[in-house]
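Chains, contacts and geometry: an overview
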Amino acid sequence: MSTLRVRRLSVLAAAAAAVFATAFSCEASTSSISADDLAKSIAQQFKDKTGETVDVTCKDSLNATSGQTATCTATSDGVTADIKVSFTETKDDKIYFNSEVIDSTRKLSAARAKEVLSEIFKQQNGFTLTKLDCPGGSIPGQVGAVADCAVEADDGDKGTMKITVTVAEGMHVEFNGVWQA
């Protein structure tokens with residue numbers, strides 16, 4: 001058993017920046033972008049801007065009509081969020097659209113939090129987490145959100161980790177974790 005009962009960590013959980021609040025375009029027929037092409041366009045432009053890979057799926061196509069929107073889901077480095085895509089204009093056989101993260105849908109997976117925390121624990125204390133179970137399997141990705149997760153380390157120590165989100169913007173989430181024995 002570890003004699004250290006309170007362990008404080010501040011870690012960066014995802015490196016992807018908030019680039020979804022920008023205008024994108026996609027070459028398509030001037031009437032709509034298919035769901036698959038929309039997802040590919042968002043993922044490619046995200047990678048072009050950040051160097052990070054994001055998996056995007058869209059349920060519906062985006063019609064090139066004023067006021068039209070579509071919802072897609074993006075996952076990057078353990079962070080998942082819905083993306084609202086809004087048609088802006090057509091020009092030169094391209095459809096232009098804005099896309100932004102719907103903040104209330106952003107979540108950090110407990111598996112990714114465990115991976116990041118384990119690495120920090122190993123560097124700081126010489127042990128890793130063998131278990132990090134959070135309610136619903138994820139941590140809400142809004143600033144100030146708190147999740148009490150059951151934890152266990154490979155040295156046999158068990159307790160609760162209080163994880164608090166400190167920064168959340170786009171697909172970027174940072175959090176603090178406090179081990180409570």
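The rules behind each value
- Residues numbered from 1 in each chain as written.
- Predicted model: local features only at pLDDT ≥ 70, side-chain atom pairs only at ≥ 80, totals over all residues.
- Heavy atoms only, no water.
- Helix = DSSP H or I, 4+ residues; strand = E, 2+ residues; numbered from the N terminus.
- Buried < 20%, exposed > 50% of the residue type's maximum accessible area, 1.4 Å probe, protein only.
- Contact = heavy atoms within 4.5 Å.
- Areas by Shrake-Rupley, 256 points an atom, 1.4 Å probe, with all protein chains shown as cover.
- Pairing = 2+ DSSP bridges.
- Salt bridge = Lys/Arg side-chain N within 4 Å of Asp/Glu carboxyl O.
- Disulfide = S-S within 2.5 Å.

1. Some thoughts on the overall build of the chain
- Along its length, the chain carries two helices and 14 strands.
- Counting across all 181 residues of the chain, residues that qualify as buried make up 41%.
- Long-range contacts, defined as pairs at least 24 residues apart, comprise 55% of the intrachain contacts of the chain with a sequence gap of at least 6.
- In the structure as shown, the chain presents an accessible area of about 8,900 Å², 44% of it carried by carbon and sulfur atoms.

2. Remarks on the pairing of strand β8 (residues 94-101)
- Only one face of β8 is covered, namely the one carrying I95, F97, S99 and V101; the face carrying K94, Y96, N98 and E100 has none of its residues buried.
- Alignment of strand β7 (residues 79-91) against β8, held across eight bridges, turns out to be antiparallel. Paired with S86 across the two strands is N98, which belongs to β8.
- Two successive antiparallel strands, β7 and β8, enclose a turn made up of two residues, where D92 displays a positive phi of approximately 50°.

3. Structural notes on the pattern of salt bridges
- Going through the model one piece at a time under the given rule, you end up with four salt bridges.
- Between D103 and R106 there is a salt bridge whose closest N-O contact spans 3.1 Å.
- The class for D103 is partly exposed, based on a relative accessible area of 43%.
- Residues K131 and D133 are paired through a salt bridge, measuring 3.9 Å at the closest nitrogen-oxygen approach.
- D133 gets classed as partly exposed once you look at its relative accessible area, which sits at 45%.
- Connected via shared salt-bridge partners are D77, R112 and E115.

4. Some remarks on the state of the cysteines
- Across all of its chains, the model carries two disulfides by this definition.
- Regarding the disulfides, the chain carries the connectivity 1-2, 3-4 under sequence-order numbering of its bonded cysteines.

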